[in-house]
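What follows is each chain in one-letter form.
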Amino acid sequence: MIDRLECKECLDVTDKDNSPLKGQLQWGGRFGAGPGAVMQAINVSISFDRKLWAEDIAGSQAHAAMLAKQGIISPEDQAAIARGLEEIAIEIEDGRFGFSDALEDIHTNIEARLTERIGEAARRLHTARSRNDQVATDFRLYVRGEIDGILAQVKDLMRALAERAAEHAGTVMPGFTHLQTAQPVTFGHHLLAYVEMLNRDSGRLEDARKRLNECPLGAAALAGTSFPIDRFATAAALGFDRPTANSLDSVSDRDFALEFLAAISIMAMHLSRFAEEIIIWCSSPYRLITLSDAFTTGSSIMPQKRNPDAAELTKAKTGRIFGALMGLLTVMKGLPLAYAKDMQEDKEPVFDAVAAITLCLPATAGMVRDMKANTERMAALASSGFATATDLADWLVRVLKMPFRDAHHVTGRVVRLAEERGVDMSSLSLADMQSIEPRITAEIFAVLTVEASVTSRTSYGGTAPANVAKAASGWLETLQ
């Protein structure tokens, strides 16, 4: 059951345990009674927006300093506010702060506690601002900080991939299309493909950070304020490039959160693709890599099992991140200007998505550093499935000057003959091949090995070991 909150003329709020909270309901002058129990339950956000306490205190410090500089509050009040907020930050860090559902959100919890600590000066802090621009500022600060942290994790994962790519620049493995053996590639080349993806992910986050780095503080409820504030000063104090340009947009914009979620959704998709490959590579039919006990679990009934659960959970958490993006898009899609309480639903999906992506990134980096390549198995599978058929066709074009379509047809006939005999193309005799194309010479056998195949792929971006070694070295230098 939810306890109904009593309201003592909306001056002193009483918490669930009937202990008085020295503060005021934000709308106390207008309302004669407190909210009903269900209204309180649906309205309160302190259970999750307390995560923004550091951002809220930073915003209040910058706002108070600006108010004092502009002569809107006294230097004495500003000093008291600064001291009180610093003390509250210590209380929260030490776990001594009493968060109250009765005070609804993090902004009012901190302001009420500030009033307890410093008295009348705290009541001047909210001059020339609203919770609308306050929460928009806090949320931008939070997302900006998370972007910085995620970018560091992405860089670490890219470094792990590049290090393993350098180690396996010449390790041959099967390359797949349609999950069918297509052509030989190197393991290093395959890993570097994900470095490229993650680099694009980093670019999207960096771009999103640039766009969000404008400060809404001072837009007030929706129309700005009549006080002579300096929004450029508060923006600079909080590390923003500039203040936002339109007060209506300032309080109602959540594009920065949507763009952030979109960027990490694409990133999560990339992590999920890699996780699925790890799962396939670890499976008994493939056995291309092994993971240690650090990233696998066992079975409760089958003692021989080693399950790649870290990869499976990384893949599964992608759904949570996609869901966060779709959820917030849905919240925002029908909102007229300016602020609406619907926007209270913006934070939890972002918090949840951040928790997921910041777990998946180090988990993936850990698996990359942990996995052991079964190089003999990779080489064996790379030579299966007539993986060097394209090399035969290329030889026919290059040496015999045959049109590629004709070479493709000849190669197909050679593959069919080998398949009928149950052997690889390289096991066919020269006479067998000449029965299909008389001009073929013994030179053909030099191009039918997987090593020769990958070595020949020297085009820019190709899988030749020299290319891979150079690319891995370049990435490692960039990522220093």
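Residues numbered from 1 in each chain as written. Predicted model: local features only at pLDDT ≥ 70, side-chain atom pairs only at ≥ 80, totals over all residues. Heavy atoms only, no water.

**Quick word on the nonpolar core**
A general feature of soluble globular proteins is that nonpolar side chains tend to end up buried together.
Right, on to step 1. Counting 75 residues, the largest nonpolar core has Phe260 and Val350 as the members making the most contacts within it.
Right, on to step 2. When contributions to this core are tallied by element, the ones reaching two or more residues are helix 6 (131–167), helix 7 (187–212), helix 10 (255–282), helix 11 (309–332), helix 12 (347–370), helix 13 (375–382) and helix 18 (465–478).
Right, on to step 3. Excluding anything up to four places from it in sequence, phenylalanine 260 contacts Val143, Glu146, Ile147, Ile150, Leu205, Val350 and Val354.
Right, on to step 4. The next biggest cluster of nonpolar side chains, apart from the first, holds 25 residues, and it includes Val44, Ala64, Leu85 and Ile92. (Core = buried A, V, L, I, M, F, W, Y, C linked by side-chain atoms within 4.5 Å. Buried < 20%, exposed > 50% of the residue type's maximum accessible area, 1.4 Å probe, protein only. Helix = DSSP H or I, 4+ residues; strand = E, 2+ residues; numbered from the N terminus. Contact = heavy atoms within 4.5 Å.)

**Comments concerning the packing of helix 14 (residues 389–400) against helix 15 (residues 404–421)**
Right, on to step 1. One can describe the packing of helix 14 onto helix 15 by two numbers: an axis separation of 8 Å at closest approach and a directional angle of 135°. Here helix 14 lies oblique to helix 15, going by the angle between them. Of the two possible hands of crossing, helix 14 and helix 15 adopt the one that is right-handed. Along its contact with helix 14, which presents Ala389, Leu392, Ala393, Asp394, Leu396 and Val397, the element helix 15 presents Phe404, Ala407, Val410, Thr411, Val414 and Val415.
Right, on to step 2. Within the contact of helix 14 with helix 15, the residues separate by chemical class into 10 nonpolar, one polar and one charged. (Axes fitted to C-alpha atoms, helices over the stretch in contact; angles between N-to-C directions. Parallel < 35°, antiparallel > 145°, perpendicular 65-115°, else oblique. Left-handed = near helix turned anticlockwise from the far one by under 90°. Nonpolar A, V, L, I, M, F, W, Y, C, P; charged D, E, K, R; others polar.)

**Things to note about the environment of alanine 471**
Right, on to step 1. Looking at the element boundaries, alanine 471 is found in helix 18.
Right, on to step 2. Classification of alanine 471 by relative accessible area gives partly exposed; the value is 33%.

**Here we look at the pairing of strand 5 (residues 180–186)**
Right, on to step 1. When strand 4 (residues 172–177) meets strand 5, the two strands line up antiparallel, connected through six bridges. Counterpart to proline 174 in the pairing with strand 5 is proline 184.
Right, on to step 2. What sits between the antiparallel neighbours strand 4 and strand 5 is a turn of two residues, in which histidine 178 has the positive phi angle 60°. (Pairing = 2+ DSSP bridges.)

**Focus: the confidence of the model for the chain**
Right, on to step 1. Chain-level statistics for the chain give a pLDDT mean of 91 and a share of 91% at 70 or above.
Right, on to step 2. Confidence drops under a pLDDT of 50 for residues 1–24, and excluding neighbours within four residues, the segment shows 47 contacts in the predicted structure. (pLDDT = per-residue confidence, 0-100.)

**Notes on the pattern of salt bridges**
Right, on to step 1. With the rule as written, the count across this model stands at 26 salt bridges.
Right, on to step 2. Put simply, arginine 320 and aspartate 352 hold a salt bridge, and the shortest N to O gap is 2.7 Å. With arginine 320 in helix 11 and aspartate 352 in helix 12, the pair connects residues that are 32 residues apart, well separated along the chain.
Right, on to step 3. On the basis of relative accessibility, which here comes to 44%, the residue arginine 320 falls in the partly exposed class.
Right, on to step 4. Overall, aspartate 352 belongs to the partly exposed group, its relative accessible area being 28%.
Right, on to step 5. A salt bridge links aspartate 432 to arginine 421; the nearest nitrogen and oxygen atoms lie 2.8 Å apart. Residue aspartate 432 is found in helix 16 (residues 430–434), and its partner arginine 421 is found in helix 15; the two are separated by 11 residues along the sequence.
Right, on to step 6. Taken together, the shared-partner salt bridges connect Glu87, Glu91, Arg113, Glu116 and Arg117 into one network. (Salt bridge = Lys/Arg side-chain N within 4 Å of Asp/Glu carboxyl O.)

**Structural notes on the side chain of serine 45**
Right, on to step 1. Within the fold, serine 45 resides in the loop between helix 1 (37–43) and helix 2 (46–49).
Right, on to step 2. Once residues lying within four places of it in the same chain are set aside, the contact partners of serine 45 are Glu104, Asp105 and Gln344.

**Observations regarding the packing of helix 7 against helix 10**
Right, on to step 1. It is at 8 Å that the axes of helix 7 and helix 10 come closest, and there the two elements cross at 170°. In terms of their interaxial angle, helix 7 and helix 10 are classed as roughly antiparallel.
Right, on to step 2. Looking at side-chain class alone, the contact of helix 7 with helix 10 contains 17 nonpolar, two polar and seven charged residues.

**Observations regarding the side chain of asparagine 43**
Right, on to step 1. Tracing the sequence through the fold places asparagine 43 in helix 1.
Right, on to step 2. The class for asparagine 43 is buried, based on a relative accessible area of 12%.
Right, on to step 3. Only 3.3 Å separates the side chain of asparagine 43 from the side chain of glutamate 104, close enough to count as a polar contact. (Polar contact = N/O pair within 3.5 Å; in protein donor to acceptor, adjacent residues only side chain to side chain.)

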